[in-house]
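Per-entry structural report
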Amino acid sequence: MAKILIVDDDAAVRATIQLLLERAGHSVVVAGDAARGSQYSKPGIFDLLFLDIFMPGMDGLETMSWFINSNR
């Protein structure tokens with residue numbers, strides 16, 4: 001199954017998405033903000049990213065751009 005990273009500042013949202021994905025057989029890693037999520041930025045680690053759009057600091061769109069540019 002897929003390896004998935006969830007980056008969301010809301011613990012309840014992270015836990016809910018993680019539970020649903022793990023029950024479906026996926027491997028899931030969670031991070032509470034973009035800084036923590038960025039530690040997993042090596043190419044090929046994840047098949048899918050779930051990013052919260054509205055987070056303090058670096059928002060989801062900036063985080064997505066950062067992941068794309070760091071994996072080039």
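The present account deals with the structure reproduced in this document. Bear in mind that the values here come from a model prediction, so they are computed numbers and not experimental data. (Residues numbered from 1 in each chain as written. Predicted model: local features only at pLDDT ≥ 70, side-chain atom pairs only at ≥ 80, totals over all residues. Heavy atoms only, no water.)

Our focus in this paragraph is the nonpolar core. Ranked by size, the top nonpolar core spans six residues in total: L5, V7, A31, F46, M55 and F67. With residues near it in sequence (within four places) discarded, F67 still touches L5, G37, S38, Y40, S41 and L49. A2, I4, L21 and V28 belong to the second largest nonpolar core, which has five residues in total. (Core = buried A, V, L, I, M, F, W, Y, C linked by side-chain atoms within 4.5 Å. Buried < 20%, exposed > 50% of the residue type's maximum accessible area, 1.4 Å probe, protein only. Contact = heavy atoms within 4.5 Å.)

On to helix α3 (residues 60-70). Structural remark: α-helix, 3.6 residues per turn; residues separated by three or four positions point the same way. Among the residues of α3, those classed as buried are G60, T63 and F67. Around the axis of α3, the buried residues are gathered within 60° of arc, so they sit on the same side. (Helix = DSSP H or I, 4+ residues; strand = E, 2+ residues; numbered from the N terminus. Arc of directions from axis to C-beta.)

Our focus in this paragraph is the environment of F50. Examined against the element boundaries, F50 turns out to sit in strand β3 (residues 48-51). In this structure the C-alpha to C-alpha distance between F50 and R14, which are 36 residues apart in sequence, comes to 9.4 Å. In this view, F50 contacts I4, L5, I6, V7, I17 and L21; residues no more than four positions away in its chain are not counted.

Function cannot be read off these values alone, since they describe shape.
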